[in-house]
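Here are the chains, one letter per residue:
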Amino acid sequence: MRILLSCLQGFKRHSLPAYGFWRQYFVRGLQNAGHEVVEIPNVDWAEGVTYPLGRALDAWRTRTWEIVESFARLELARQPIHLFIGYFYPAQVEVAAIRELQRMGIPCVNFFCDNVREFLKPPAEYAPFDLHWVPEFEALAMYRKSELPFVHAAMPCWVPEEQKSLPRLESEPATFIGSSDVLRRDLLGQALQGGADFVIRGNGWLSDTAKPSKQIRTTATLVRNQINVVKRYGLGGLMTKIGSRVRPLRPSAIEDSRIGAPLSDSEYFRVTREAMVTIGVNRVPSTNRSLHRPLVYSRLRDIEAPMLGACYLTEWTEGLEHMYELVEEIETYRTAEELASKLGELRKDAARRTAMRQRAQRRALADHTVGQSIERIRAYLGL
């Protein structure tokens, strides 16, 4: 198929959490599956995530979607476009433009991977899409209740051909890779104090960067923020936010000796593959959940690490048992104590680590590729 693709491509690096890898994963994954990818020139999709609601965002939407519609018309005059796939936050969506693409005969699919973190229900801006690509098992009930059409398919991930085999050696100790947040500090700090032996690679972990800088906020700003929380998450979200301030989470200290340098993109792949055990953490801070009872859902790393041939130990969450044969392909933990215990078991059993690497990589490359996800979409839409 010829697939028109919007996945946060941009002209420059914006001040957003890591997002540049999405283009590579979507484009290379689609191409590996034999599809032709069509990208729209002169559109900075990531820019649309940088604006607050207001005139600048409205101007970006108008400008961007006019380019999209014109480009689609010109392309259709040359040859068909079978599908439009976007990775859109609600504020990026121009409903009238989606309707116009559909009028041209192009089915429109939206992928979004933080539904349970961002929404209590799918936003109204998502309603016009022909189909929703939903990777989180925990978000399926939300989409069923909304009666929006959806397919449950893995987060898009791609690895180079030379990494679709097992690593030749374990050159790194057991490792967690990722930036610091209060939930990760709490979990990993407890595990280390409980005897776990691993290192952490990522930004914001060293003791001199751990404490957030204090921000001076006016009363008007605080009130405005609280109103926005209520609009987005309801009174329950506001109460959760207040509760987190009244009863804050106080993570265990992590010694600087446990912290390694952040990784480049190429080093990220290598360390993920060659770590004795790669550790995943699936809990995330969320306005609508208490830090003492955090939101947990399967993340991209649950596809990425096994696909790279890692020996993978990740935080248990619903849906993992449908993706992998637990214990045989990947291992999971529910608490810091269980993380320490299971990591200790894996460290002692090289044969099991090798078997897990092989089985999990085989499963990920067979069942969780972008190509497999597109087949589900194609079947649903009858393309």
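None of the values given here were measured: they were computed from a predicted structure. (Residues numbered from 1 in each chain as written. Predicted model: local features only at pLDDT ≥ 70, side-chain atom pairs only at ≥ 80, totals over all residues. Heavy atoms only, no water.)

Notes on the sheet that holds strand β6 (residues 150-152)
Then, number 1: Taking strand neighbours across the sheet as the criterion, the six strands line up as β2-β1-β3-β4-β5-β6 in an open arrangement whose pairing is parallel. The open sheet has two edge strands with one neighbour each: β2 (36-39) and β6. Between one strand and the next, the sheet's axes are offset by a mean angle of 25 degrees, whatever the strand orientation.
Then, number 2: The pairing of strand β4 (residues 108-111) with strand β5 (residues 131-134) spans three bridges and is classified as parallel. Each bridged residue has a counterpart across the sheet, and for Val109 the counterpart in β5 is Leu131. (Pairing = 2+ DSSP bridges. Helix = DSSP H or I, 4+ residues; strand = E, 2+ residues; numbered from the N terminus. Axes fitted to C-alpha atoms, helices over the stretch in contact; angles between N-to-C directions.)

Some thoughts on the packing of aromatic side chains
Then, number 1: A complete count under the given rule lists 26 aromatic pairs for this structure.
Then, number 2: Sitting over the ring of Trp316, Arg334 keeps its end group 3.9 Å from the ring centre. (Phe/Tyr/Trp six-rings, centres within 6.5 Å; stacked < 30°, edge-to-face > 60°. Lys NZ or Arg CZ within 6 Å of the ring centre and 35° of its normal.)

Observations concerning the environment of Val296
Then, number 1: Of note, Val296 is situated in strand β12 (residues 295-296).
Then, number 2: Distance from Val296 to Glu138, taken between C-alpha atoms, is 9.0 Å for residues 158 residues apart in sequence.
Then, number 3: Apart from the residues lying within four places of it in its own chain, the contact partners of Val296 are Glu138, Asn282, Arg283, Glu315, Trp316 and Thr317. (Contact = heavy atoms within 4.5 Å.)

Concerning the packing of helix α6 (residues 182-193) against helix α12 (residues 336-347)
Then, number 1: Direction vectors running N to C along α6 and α12 enclose 50 degrees, while the axes themselves pass 8 Å from each other. In terms of axis orientation, α6 runs oblique to α12. α12 is crossed by α6, and the crossing has right-handed handedness. Of α12, the residues touching α6 (which contributes Leu187, Leu188, Gln190 and Ala191) are Ala336, Glu337, Leu339 and Ala340.
Then, number 2: Looking at the contact of α6 with α12 residue by residue, the classes come out as six nonpolar, one polar and one charged. (Parallel < 35°, antiparallel > 145°, perpendicular 65-115°, else oblique. Left-handed = near helix turned anticlockwise from the far one by under 90°. Nonpolar A, V, L, I, M, F, W, Y, C, P; charged D, E, K, R; others polar.)

As for the sheet that holds strand β7 (residues 175-177)
Then, number 1: Across the sheet, six strands lie side by side as β9-β8-β7-β10-β13-β14; this open sheet has parallel pairing. Taken across any chain shown, the strands that pair with only one partner, and hence form the sheet edges, are β9 (259-260) and β14 (331-333).
Then, number 2: In this sheet, β9 lies alongside strand β8 (residues 199-201) in parallel orientation, the contact comprising two bridges. The partner of Arg201 across the bridge, within β9, is Gly260.
Then, number 3: Of the strands in this sheet, β7, β8 and β10 (278-279) touch helix α9 (residues 265-274), which is tilted by about 145 degrees from β7.

Looking at unusual backbone geometry
Then, number 1: In this structure, Asn42 takes a positive phi of about 65 degrees despite not being glycine.
Then, number 2: Within the secondary structure, Asn42 is located in the loop between β2 and α2 (55-78).
Then, number 3: Even without being glycine, Glu147 reaches a positive phi, approximately 65 degrees.
Then, number 4: Among the structural elements, Glu147 can be located in the loop between α5 (140-146) and β6.

Re the packing of helix α1 (residues 21-32) against helix α14 (residues 370-381)
Then, number 1: Axis separation between α1 and α14 bottoms out at 8 Å; the angle between their running directions is 75 degrees. Looking at the two axes, α1 sits roughly perpendicular to α14. Note on element contacts: α14 touches α1 through Val370, Gly371 and Ile374, opposite Tyr25, Gly29 and Leu30.

Structural notes on the pairing of β4
Then, number 1: On β4, burial covers both faces: Cys108 and Asn110 on one face and Val109 and Phe111 on the other are all buried.
Then, number 2: Bridging between strand β3 (residues 83-87) and β4 involves four bridges; their strand directions are parallel. Looking at β4, one finds that Phe84 is bridged to Cys108.
Then, number 3: Tracing the backbone out of β3, into helix α3 (residues 95-103) and back to the parallel element β4 gives a crossover that is right-handed. (Buried < 20%, exposed > 50% of the residue type's maximum accessible area, 1.4 Å probe, protein only. Right-handed = clockwise from strand over helix to strand, strands pointing away.)

Purely geometric numbers; function is a separate question.
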